[in-house]
Amino acid sequence: MDIARHIKNNTPFIGKIAYSQREFSYDNHVLEFVRQTIEFIRGRSDTRVLLSAIKNEVRLVVEAIQSYEFHDRRKVIAQNKKFSVQHAYFNEYKYLQRLCLLILQYRQYQLGIGARKIEGILFDGAWSWEVYVSSLIATEFYHPRNKNGEGVRQLFTNDFGSKEGLIYPDFIGTNPDEHVIADAKYKPSENIYGRDYLQVPAYMFRFDAKRGYYLYPRAIGDEDQLLKLNRGVTVGKELNQGIVDESPVQPRGDVEVRKLGLAIPPESGSFSDFEQQMELSERQFRDKFIGQLDQ
């Protein structure tokens, strides 16, 4: 009820009540702004993967904003610049609105202002490691670039002759007489397990490779490991802690996977000293790797 307007317009009382009404709707200018930002991110090959972590939230926004039009983007941007979120109850949307504005205007985003200003660099360490390793073994391995969608292969062929199951092995050996698969892992040796162990053997099976490699940054004290794929099937007898006795199973002699590390100097007196140590480490890594390929 609007008391001030009621007293002004309904005195003496004439049988009417002055009030204002606000309709709650998901289809509002802020969520329209969010929808525009989602479609902008979807439209770029280098950013659309960001939405995979929030699929449910994206679906809810898309379902709520059915009136999306690409050509409304300028109008929606202007509307949100003019009417920023002010109500304390929707305070969190204020920061979302600001972020959407920065994204759609191709501007950088910084956390904090004034004395709380924060600046930094965000980089993909795993991809940088993969590209770095590629520079060391490029003469012996082909490097599909999954970041750019280049070199994609297919795992299956269905009943209709179509290819399915897109895969991106990090490195495929170029020697036609013996296929070798290698995977770059930007993690310590002990953290290479689980899905990592499933990935390389699947690639090896697809490309008829008998040897596979995990190429990782090796710390002082780490030792390279030779892993042999087991063969055979057994029902097994369960022991303690869910472990199954597979005593009849034997390691194969013709299929092997190695963890091969590139040693990283732990201490250096200067950057030039670090460069020299890295050059030596790279030569030793390459000599060991190529030497194993030639065996």
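Please read all numbers here as calculations on a predicted model, not as lab measurements.

Hey, could you run me through the sheet that holds strand β4 (residues 171-173) in this one?
Across a sheet, strands are paired by hydrogen bonds formed along the backbone, either parallel or antiparallel in direction. Ordered by their spatial adjacency, 6 strands build an open sheet running β1-β4-β5-β6-β10-β7, and the pairing between neighbours is mixed. In this open sheet, the two edge strands, each paired with only one partner strand, are β1 (141-142) and β7 (225-231). Strands in contact with helix α6 (residues 125-137) are β1, β4, β5 (180-184), β6 (211-218) and β10 (250-263); relative to β6, the strand with the most contacts, it is inclined by about 115 degrees. Contacts from helix α7 (residues 195-206) reach β5, β6, β7 and β10 within the one sheet, and its direction differs from that of β6 by about 140 degrees.

Mind showing me how you'd approach the packing of aromatic side chains here?
Given two aromatic rings, one states the distance between the centres and the angle between the planes to describe the pair. Enumeration over the complete set of coordinates arrives at 9 aromatic pairs. Arranged with centres 5.7 Å apart and planes meeting at 50 degrees, the rings of tryptophan 129 and tyrosine 132 form a pair that is tilted. One end of the pair is tryptophan 129 and the other is tyrosine 132, both in helix α6 and 3 residues apart, which spans about a single turn. Residue tyrosine 132 is classed as partly exposed on the basis of its relative accessible area, which comes to 23%. One aromatic cluster in this structure is built from Phe141, Phe171, Tyr213, Phe285 and Phe289. Directly above the aromatic system of phenylalanine 207 lies the positively charged group of arginine 206, at a separation of 4.5 Å from the ring centroid.

What should I look at first to understand the pairing of strand β2 (residues 153-157) in this one?
As judged from the 4 bridges shared by β2 and strand β3 (residues 163-167), these two strands associate in the antiparallel manner. Paired with threonine 157 across the two strands is lysine 163, which belongs to β3. Between β2 and β3, which follow one another and run antiparallel, lie 5 residues, and glycine 161 among them has a positive phi close to 85 degrees.

I tried to follow the packing of helix α2 (residues 29-42) against helix α4 (residues 73-82) on my own but got confused; where do I start?
For any two helices packed against each other, the geometry is given by the interaxial angle and the distance between the axes. Contact geometry of α2 with α4 gives a least axis separation of 10 Å together with a crossing angle of 130 degrees. The angle between α2 and α4 falls in the class oblique. The two elements α2 and α4 cross, and the hand of that crossing is left-handed. Only Arg73, Val76, Ile77, Gln79 and Asn80 of α4 make contact with α2, whose side of the interface consists of His29, Val30, Glu32, Phe33, Gln36, Glu39 and Phe40.

Criteria and thresholds
Each chain has its residues counted from 1, following the order in which its sequence is written. Only residues with pLDDT of at least 70 are given local features in this predicted model, and only at 80 or more are side-chain atom pairs given and counted; all residues enter the totals for whole chains, interfaces and linings. As a rule here, side-chain values come from all non-hydrogen atoms in the structure, and water together with hydrogens is ignored. Criterion used throughout: strands pair if DSSP finds at least two bridges between them. Labels follow the DSSP assignment, with helices taken as runs of H or I lasting at least four residues and strands as runs of E lasting at least two, numbered in each case from the N terminus. Note on contacts: a residue pair qualifies if any of its non-hydrogen atoms lie within 4.5 Å across the two residues. Comment: axis = line fitted to C-alpha atoms, over the contacting stretch for helices; angle = value between 0 and 180 degrees taken between N-to-C directions. Pairing of aromatic side chains requires ring centres within 6.5 Å, counting the rings of Phe and Tyr and the six-membered ring of Trp. Pairs whose planes differ by under 30 degrees are stacked, by over 60 edge-to-face, and all others tilted. For every residue, the accessible area obtained with a 1.4 Å probe (protein chains only) is divided by the maximum for its type, and the residue is called buried under 20%, exposed over 50%, and partly exposed between those limits. Look at NZ for Lys and CZ for Arg. If either is within 6 Å of the ring centre and within 35 degrees of the ring normal, a charge sits over the ring. Note that the term roughly parallel is reserved for angles under 35 degrees, roughly antiparallel for angles over 145, roughly perpendicular for angles of 65 to 115, and oblique for everything else. In this scheme, a crossing is called left-handed if the near helix is turned counterclockwise away from the far one by less than a right angle; it is called right-handed if the turn is clockwise.

Function-wise, these values are silent; they only describe arrangement.
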